[in-house]
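Below, each chain spelled out in residue letters.
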Amino acid sequence: MVAEMIVAHSILIKVFLAFLVGGMLIPMMTAKNPLGFRKASFIYTMTFQGIATMVAFTGLIAMVSGEMELSLSIILMIVIWALLMYIEIRKYKLIKMARLDNPETHTLLKGAFLKIGILQILLVAIMVVLMVLKAKGIVAL
Ligand code: HEM
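Conventions adopted
Residues numbered from 1 in each chain as written. Predicted model: local features only at pLDDT ≥ 70, side-chain atom pairs only at ≥ 80, totals over all residues. Axes fitted to C-alpha atoms, helices over the stretch in contact; angles between N-to-C directions. Helix = DSSP H or I, 4+ residues; strand = E, 2+ residues; numbered from the N terminus. Parallel < 35°, antiparallel > 145°, perpendicular 65-115°, else oblique. Contact = placed C-beta atoms within 7 Å. Nonpolar A, V, L, I, M, F, W, Y, C, P; charged D, E, K, R; others polar. Near = placed C-beta within 6 Å. Expected span 1.5 Å × (residues − 1). Buried ≥ 20, exposed ≤ 12 C-beta atoms within 10 Å, placed from the backbone.

## Some details on the packing of helix 4 (residues 72-97) against helix 5 (residues 103-135)
Then, number 1: Packing of helix 4 against helix 5 leaves a shortest axis separation of 11 Å and a crossing angle of 170°. Considering their axes alone, helix 4 and helix 5 lie roughly antiparallel with respect to each other. Contacts from Ser73, Leu76, Met77, Ile80, Leu83, Leu84, Ile87, Lys91, Leu94 and Ile95 of helix 4 reach helix 5 at Leu109, Ala112, Phe113, Ile116, Leu119, Gln120, Leu123, Met127, Leu130, Met131 and Lys134.
Then, number 2: A per-class count over the contact of helix 4 with helix 5 returns 17 nonpolar, two polar and two charged.

This is the structure in structure tokens:
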């Protein structure tokens, strides 16, 4: 059970990373279409939250069924997870509320979408690298 959950957790994180990278295409593909940008952002945020929930679920099941202590690495994962969700929800709210028919606002939010995407990718990548280093015994987490 623990092993399966960690494998599922691990696969989901890679899926999540690929999704985040792919999501960067949204502001580029909807550069001249504010309504399309808003619609795509909605589908993006729902998928984002769905995958993130599955990541947390598999992680929590692994932790509970493996009777693991709340280690520094697990605390870090939970903090990063909460941060990712917080940033994503704030970003989508902004896009939902904004008057995207104003070209300046649209341009600003396209830029924000990309920058936030890069930040989210970095957060996930840092956690993956840390876990690889932990598995190799290079860092003690
Ligand atoms: C509520 C959220 C989360 C919980 C409870 C959780 C829990 C866990 C647990 C219990 C493990 C196994 C630990 C071990 O083998 O020492 C694990 C592994 C891992 N977690 Fe999480 N996790 C969460 C979110 C995340 C997030 C958001 C990321 C990425 C940003 C992440 C990345 C990883 C990685 C890379 C591994 C190593 C997987 C492997 O061995 O292949 N986790 N997690």
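## Observations regarding the site of the ligand
Then, number 1: Among the 21 residues in the neighbourhood of the ligand, the closest are listed as Ser10, Ala56, Gly59, Met77 and Met127.
Then, number 2: Along the lines of polarity and charge, the residues of the shell around the ligand split into 17 nonpolar, four polar and no charged.

## Quick word on helix 3 (residues 34-65)
Then, number 1: Spanning 32 residues, helix 3 covers 46 Å between terminal C-alpha atoms, matching the ideal 46 Å at 1.5 Å per step.
Then, number 2: For helix 3, the set of buried residues is Pro34, Phe37, Ser41, Tyr44, Phe48, Ala52, Val55, Thr58, Gly59, Ala62 and Met63.
Then, number 3: The inward-facing, buried residues of helix 3 abut helix 1 (2-23), helix 2 (25-29), helix 4 and helix 5.
Then, number 4: Looking one or two places after helix 3, you find glutamate 67, whose phi comes out positive at around 45°.

## Here's the deal with unusual backbone geometry
Excluding glycine, a negative phi dihedral is what most residues carry, and trans is how most peptide bonds are arranged.
Then, number 1: The backbone of glutamate 67 shows a phi angle near 45°, a positive value even though the residue is not glycine.
Then, number 2: Mapped onto the elements of the fold, glutamate 67 is located in the loop between helix 3 and helix 4.
Then, number 3: We classify glutamate 67 as exposed; it has 7 C-beta atoms within 10 Å.

## Re the environment of isoleucine 61
Then, number 1: Among the structural elements, isoleucine 61 can be located in helix 3.
Then, number 2: Here the alpha-carbon distance between isoleucine 61 and leucine 84, two residues 23 residues apart in the chain, equals 20 Å.

Worth remembering: the numbers are spatial, not functional.
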